[in-house]
Amino acid sequence: MLSENEANVLRAISEEHSDPQTIAKKLGVKVETVRASADVLSEKNLIRVLKHVDEIVILTEEGKEYAKRGLPERSLLESIGNGKPMAELKDPSLKISLGWLRKKGWAIITGGVIKPTGIAPRGTDEEVLEQLLDNSKSSSDLDPDGLTTLKNRSLVIIEKKKSWKYEITIQGMKLIPELGEITESIAHLTPQMIKFGEWKGNNVRFDGRLYSVRPYDVALEAEKIFPGKKHPYQRLIDKMREIMLEMGFIEIKGEIIQSSFWNFDALFQPQDHPARDMQDTFYLDSEAEIPNYAKIKEMHECGGDIGSTGWGGCWNPQIARQEVLRTHTTAVTIKYLADQPHPPIKAFAIDRVYRREAIDATHTPEFEQLEGVIMDKDVSFRHLLGVLQEFYAMMGFQEVRFRPGYFPYTEPSVEPEVFIEGLGWVELGGAGVFRKEVTAPFGIDHPVLAWGLGVSRVAMLKLGLKDLRELYQSDIEWLRKTPLSINI
Amino acid sequence: MPVVRLYYEDLEQMVGASRDYVMNRIAMMGADIGKIATETYVDVEFFPDRPDLFSSEGVARALQGFLGIKTGLREYQMTFGNILVEVEDSVKDVRPIIGCAVVRGLEFSNEAIESLMNLQEDLHWGLGRNRRKVAIGVHDISRVKPPFRYLGADPEHKFVPLDFTSEMSMRDILKKHPKGIEFGHILADFKRYPLILDANNAVLSFPPIINGELTRVRDDTHDLFIDVTGTDPVVHKTLNIVVTSLAERGGIIESVHIKDDKSHFISPNLAPSKWTIRAEEANALIGFQLSSEELAECLSRMRFGVSVVGDKVEVQVPAYRADVMHSWDIFEDAAKGYGYDKLLAELPRTVTIGKPHPIEIKKAEIREIMSGLGYLETMPFTLTNEEIHFHKMKRRPIEVTRIMHPISELHNIIRISILPTLMEIFSLNQHHPLPQRIFALGEVVENGKTKINLAAASIHSAADFSEIRSVVDAILREMIVETSIKPSEDAAFMPGRGADLIAEGRNIGCFGELHPEVIRAFNLEQPIAALELRLGDLQGAWIA
């Protein structure tokens, strides 16, 4: 599609106006505009551009003088009459003229006297000089010998000048009738055009004028924009939540600050267990109220009435009151089960837990943990393996295997491993059946199948992260550029 | 977890199976094969509940059963000796419990010495709670003369401690000897220190700190005296683990008499403890259907002594096992003996309806609103520090949840506001194009209780009050919350450009243009408009 200017120039060329100056004058635009349009037309093979270089002969100041008064040797010839002694011609400025007189054979010098030969025809140099008097001329219009002479005497200079001529091509001719009456090409449509315009192909007739709508280079890069989005890690957490919900689990939550009672003692962790050390747990300088602990104390000290040996020693309620940042979501789970000891229960939690770890690429002092529990009549360890297999399959880990594990509050315990291409078997989470010592004091009479896993470890695998900190101290470009549809 | 270095050649010899076969099955017995492995050895981690596996000898014993080479109870011959250890009353307040044994006829290879030393270390950690509960001393018995005395001694008592050449008082040992410095705190509260002396008052041991140089174990040592002292009966288990491990190397265990003014007993006591279990209980827990005989067979592979009596299985638990507290511990071993890899996974039939937590439903709605407004979600840490939380924000410090022993001063409190953590994220992202608009939705802790907040912030050259006011309006409109707005006194905002949100007379949040001093404090240079909303608590008290 042609712009308004291009169309007008093409039309002018078709009307046998062949040079930019003429066309510019006719269209009332600048010569540069015509030439720019002509270039476009030429690229589209609608016209041919013929470039021509002219030599323009221009008189120098000295040349202009001689053109008016004649060449100096002619003036000298006229002034010597029939002869003149050389002595009278002492003026040095006459030396050049004298030279030319003799060179052209118009005069000779004999016995100290200069005498005309009587032969002094009008030379081509003089003719050219005269032709140039009023106007500069193209070198091709002038006598070459005369021009050479003048050039050598620095009476003229030659300037090279480019000029263009345009010829319409057959393709151009074909387009002429189609140009019709287009007067303007536009980029943006006005609401009025959208409402009232009449469309013919790419052209719109509106308000008595015809507009062409400029086509774009549709492959051109556009400015990058990014939508507001959920954090990729949150999307993974939500995916896990959805799996748990689909599997029929109810979502539970609990306080970040827990008493040692719920975080440790309720789970039959002995009070001198290394996991309870200041080294591993964030303790707070505060104490919590704890429930009636008689049964817990009895279980720890002598195993209650379930045939356990217990840990022996003396269980101290003061230690149980000490508050901590929960080290696992199990603190929340056991409290929930203690409140709802009747089957069936299927519950899960995904929340942040805290461990006293220095920050590095694979450790953070807080991270998300997923935990699920099933409490029902007649559920067994094999059912736990079934739930794990199903859960991991839904997470996209088709191959799962189980090997013995150890966790202080489960028996039996198992460490699931999933197969990941390129990494091999990777340990992912832990599971087991809550020990009787854990469930009995709360009146929970049926097995509790429990499993948990660190969500941030899954995130590293799924998002290909090298550094866990990326989840919490995120690079905004990473958040922007991680696609919503990434397979997590 | 304790790591045991297993030398393949040594292990093959002790187990009687090829290294490939062993390594193929060992994880199924309950182990993590470590990353360190060479042509001659591999490091394997064992679980803390199985201190009997903290030595290569113990591992070999278990493997023999697990692989079916030697199953059932491992019985140890013990000769009855007449060495006497007298326990004096003076030590009863400090470290009352002691178990001792003699092991004779040992030939120490390098592997055996390394294994014994590592076993000692791991037991000090695993059962001994860093020697507080249990400490072990191993002596060349040929250097001393029985009978021995265990007593509480005057701290000024002098002897030459291990690795030293001159006498030191016990008090000085706690101050100057490396082991004294490391473990001296255990004795900090006591006026008398534990000491084991021979008939000539030569020092064997200053438990739980250091042995005497006199009884150092050398290449040519063949007969050992072992003392285990502590505060808990687990002392005797520990002794059993050490002596049975040495017996696996060909040592002959010899008992000693331990006597105080009231009682007298023979140590060690290697008699297995007896448990009676029923197959149906094991079947119910594990989910398999084994007969009593099959169950007994599985346990036999785990080196329990078993005999089927009617519908019951009588189980003898080896004296070196420290983990069996309840019948379920035996059932788990039955499952291991059966093979975890042979257990069929099966879904339970428990029918329940899944239900998301109401808070998560609300949070999902808010994420949808914020994404729609063009904000990117971030999930900063909840641990932070006062400098970021208050000083950089120009906010007056108030009472927050403080960690007693933070691992870093950067993380010593739990946030009560999310906005400062968003500022940190801006700080980290200065090199990325503006505008940046981010939000975070999550927990804060206020007066010890978990609450849920939303914070959002926008940084770019034209970020201003009206931009964030529009965002606040949009959020509250979508959440169907009615609020009134009044000027805020929060110093984080520019004077006259911060607002508080009041709903039902309660302050539920704030928004505005951040004070340039706040912006500068986080090394930022562009205007920031921000908001924070207090959404509610875990008990379901929500603003909408």
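Computed from a predicted structure; not experimentally measured. (Residues numbered from 1 in each chain as written. Chains lettered and ligands numbered in written order. Predicted model: local features only at pLDDT ≥ 70, side-chain atom pairs only at ≥ 80, totals over all residues. Heavy atoms only, no water.)

*Asks:* Looking at this structure, I do not really get the overall build of chain B. What am I missing?
*Replies:* Summing up its helical and strand segments, chain B has 15 helices and 27 strands in all. The C-alpha radius of gyration computed for chain B amounts to 33 Å, which surpasses the reference 24 Å derived for 544 residues by more than 25%, pointing to a less compact arrangement than a globule. When its C-alpha atoms are laid out on the principal axes, chain B stretches across 90 × 65 × 50 Å. Here chain B holds 544 residues, and the buried ones make up 57% of them. For chain B, restricting intrachain contacts to residue pairs at least 6 apart in sequence, the fraction spanning at least 24 positions comes to 68%. Element-wise, carbon and sulfur atoms account for 49% of the exposed surface of chain B, whose accessible area totals about 23,200 Å². For chain B, the separation between the mean place of its 60 positive charges and that of its 78 negative charges on side chains is 3 Å. (Helix = DSSP H or I, 4+ residues; strand = E, 2+ residues; numbered from the N terminus. Rg over C-alpha atoms; globule rule 2.2 N^0.38 Å. Buried < 20%, exposed > 50% of the residue type's maximum accessible area, 1.4 Å probe, protein only. Contact = heavy atoms within 4.5 Å. Areas by Shrake-Rupley, 256 points an atom, 1.4 Å probe, with all protein chains shown as cover. Lys, Arg positive; Asp, Glu negative; His and termini not counted. Charge placed at Lys NZ, Arg CZ, Asp CG, Glu CD.)

*Asks:* Whenever I open this one, helix α6 (residues 94-104) of chain A confuses me. Can you help?
*Replies:* Residues lying three or four places apart along an α-helix face the same way, a consequence of the helix completing one turn every 3.6 residues. Residues and elements named next belong to chain A. If you check which residues of α6 are buried, you get S97, L98, W100 and L101. Buried residues of α6, seen end-on, are gathered within an arc of 165 degrees and therefore sit on one face of the element. For α6, exposure combined with an orientation more than 90 degrees from the buried face picks out K95, I96, R102 and K103. Just downstream of α6 lies G105, where phi reads positive at about 75 degrees. (Arc of directions from axis to C-beta.)

*Asks:* In this structure, what is going on with the interface of chain A and chain B? I would like to understand it.
*Replies:* Accessible area lost when the parts come together is the quantity often used to give the size of an interface. With 89 residues of chain A at the contact, the number on the chain B side is 79 residues. Around 7,400 Å² of area is buried between chain A and chain B when both sides are counted, 61% of it from carbon and sulfur atoms. Linking chain A with chain B are six salt bridges, by the criterion used here. Put simply, A:R403 and B:D32 hold a salt bridge, and the shortest N to O gap is 2.2 Å. Considered class by class, the residues forming the side of chain A that touches chain B number 40 nonpolar, 20 polar and 29 charged. (Buried area = accessible area lost by both parts, 1.4 Å probe. Salt bridge = Lys/Arg side-chain N within 4 Å of Asp/Glu carboxyl O. Nonpolar A, V, L, I, M, F, W, Y, C, P; charged D, E, K, R; others polar.)

*Asks:* Help me understand the sheet that holds strand β9 (residues 203-206) of chain A in this model?
*Replies:* Paired through backbone hydrogen bonds, the strands of a sheet run either parallel or antiparallel to each other. All names here are of chain A. In space, the four strands of this open sheet follow the order β7-β10-β9-β8, with mixed pairing throughout. The sheet is open, and its two borders are formed by β7 (184-186) and β8 (198-200), each paired with just one other strand. Direction aside, neighbouring strands of the sheet carry axes that sit 35 degrees apart on average. As judged from the three bridges shared by β7 and strand β10 (residues 209-213), these two strands associate in the parallel manner. Each bridged residue has a counterpart across the sheet, and for S185 the counterpart in β10 is S212. (Pairing = 2+ DSSP bridges. Axes fitted to C-alpha atoms, helices over the stretch in contact; angles between N-to-C directions.)

*Asks:* Help me out: how do you make sense of the confidence of the model for chain B in this one?
*Replies:* Note that predicted coordinates carrying low pLDDT should not be read in detail. In this model, chain B carries an average pLDDT of 93, and 100% of its residues clear a pLDDT of 70 or more. Interface predicted TM-score (ipTM) for the complex: 0.92; the corresponding pTM is 0.80. (pLDDT = per-residue confidence, 0-100.)

*Asks:* Sorry if this is basic, but what is going on with the domain arrangement of chain B here?
*Replies:* Domain boundaries assigned for chain B yield domain 1 (3-66), domain 2 (78-267), domain 3 (273-340) and domain 4 (358-542). For domain 2 of chain B and domain 4 of chain B, the distance between their C-alpha centres works out to 60 Å. (Domains from an automatic or database assignment.)

*Asks:* Honestly, the packing of helix α11 (residues 232-246) of chain A against helix α18 (residues 455-463) of chain A in this entry has me stumped. Any pointers?
*Replies:* Axes are the key here: two packed helices are described by the angle between their axes and the distance separating the axes. Residue and element names in this part refer to chain A. Following both chains from N to C, one finds α11 and α18 inclined at 115 degrees, their axes separated by 10 Å at the closest point. The orientation of α11 with respect to α18, classified from their angle, is roughly perpendicular. Considering the relative orientation of α11 and α18, their crossing is right-handed. Contacts between α11 and α18 involve P232, Y233, L236, I237 and M240 from the former and V455, S456, V458, A459, K462 and L463 from the latter. Here the residues of the contact of α11 with α18 sort into nine nonpolar, one polar and one charged. (Parallel < 35°, antiparallel > 145°, perpendicular 65-115°, else oblique. Left-handed = near helix turned anticlockwise from the far one by under 90°.)

*Asks:* Whenever I open this one, empty space enclosed by the protein confuses me. Can you help?
*Replies:* Within the structure shown, the criterion is met by five cavities of 30 Å³ or more. If you add up the space inside the largest cavity, you get close to 220 Å³. Mapped onto the lining of the largest cavity, the elements with two or more residues apiece are α11 and β15 (345-354) of chain A together with α11 (358-372) and β22 (436-446) of chain B. Top contributing element to the lining of the largest cavity by residue count: β22(B), with four residues. Tallied by class, the residues present in the lining of the largest cavity amount to six nonpolar, three polar and 12 charged. Its volume calculated, the second largest cavity comes out at about 100 Å³. In terms of residues, the lining of the second largest cavity owes the most to one element, helix α4 (residues 110-126) of chain B, which gives six residues. Its residues assigned to classes, the lining of the second largest cavity shows five nonpolar, four polar and six charged. There are two domains that each give the lining of the second largest cavity at least three residues, and those are domain 1 (3-66) and domain 2 (78-267) of chain B. (1 Å grid on protein atoms, 1.4 Å probe; cavity = no way out; pocket = protein on both sides within 12 Å on 5 of 7 lines; lining within 4 Å. Points joined across faces, edges and corners; volume = space filled by probe spheres on them.)

*Asks:* What is the right way to read the side chain of A:T364 from this model?
*Replies:* Assignment of secondary structure puts A:T364 in the loop between β15 and β16 (366-375). A polar contact of 2.8 Å, which involves the side chain of A:T364, links it to the backbone oxygen of A:E366. Those residues in contact with A:T364 that lie beyond four places of it in its chain are A:E357, A:L468, A:Y472 and B:F381. (Polar contact = N/O pair within 3.5 Å; in protein donor to acceptor, adjacent residues only side chain to side chain.)

*Asks:* Help me understand the pattern of salt bridges in this model?
*Replies:* Considering all chains together, one arrives at 66 salt bridges over all chains under this definition. A salt bridge links B:R367 to B:E377, with the nearest nitrogen and oxygen atoms 2.8 Å apart. Residue B:R367 is located in helix α11, and its partner B:E377 is located in strand β19 (residues 376-377); the two are separated by 10 residues in the primary sequence. Taken together, the salt bridges that share partners define one network made up of A:R401, A:R403, A:E415, A:E417, A:E427 and B:D32.

*Asks:* Explanation requested: the environment of A:I256 in the structure shown.
*Replies:* Position of A:I256 among the secondary structure elements: in the loop between β11 (250-251) and β12 (257-259). Considered as a pair, A:I256 and A:R352 are 96 residues apart in the sequence and their alpha carbons are 7.8 Å apart. Excluding its chain neighbours within four sequence positions, the residues that come into contact with A:I256 are A:V324, A:L325, A:R326, A:Y354, B:I414, B:E443, B:V445 and B:T450.

*Asks:* In this structure, what is going on with the environment of A:K239? I would like to understand it.
*Replies:* Looking at where A:K239 falls in the secondary structure, it is placed in helix α11. Those residues in contact with A:K239, other than ones at most four positions away along the chain, are A:M394, A:M395 and A:I488.

*Asks:* Honestly, the side chain of A:K229 in this entry has me stumped. Any pointers?
*Replies:* Tracing the backbone through its elements, the reader meets A:K229 in the loop between β10 and α11. Buried within the structure, A:K229 lacks any salt-bridge partner; A:E477 is the closest side chain of opposite charge, at an N-O distance of 10 Å. Looking at A:K229, its side chain comes within polar contact range of the main-chain oxygen of A:T482, at 2.9 Å. In contact with A:K229, not counting residues within four places along its chain, are A:R235, A:L479, A:R480, A:K481, A:T482, A:L484, B:S371, B:Y375, B:L376, B:E377 and B:F439.

*Asks:* For this particular structure, what's the right way to read the nonpolar core?
*Replies:* Counting 125 residues, the largest nonpolar core has A:L370, A:F391, A:W451, B:L514 and B:I528 as the members making the most contacts within it. Apart from the residues within four sequence positions on either side, B:L514 is in contact with B:L419, B:M423, B:A492, B:F493, B:M494, B:I519, B:I528 and B:A530. (Core = buried A, V, L, I, M, F, W, Y, C linked by side-chain atoms within 4.5 Å.)

*Asks:* Would you take a moment to explain the layout of surface pockets for this structure?
*Replies:* Any empty space left between the atoms is revealed when a probe the size of a water molecule rolls over them. In this structure, the second largest pocket occupies an estimated 1,000 Å³ of space. Along the wall of the second largest pocket there are 36 residues; nearest its centre are A:Q271, A:D272, A:H273, B:R129 and B:R132. Looking at the lining of the second largest pocket, the elements that each hand over two or more residues are α13 (294-302) of chain A together with α6 (178-183) of chain B. Looking at side-chain class alone, the lining of the second largest pocket contains 14 nonpolar, 11 polar and 11 charged residues.

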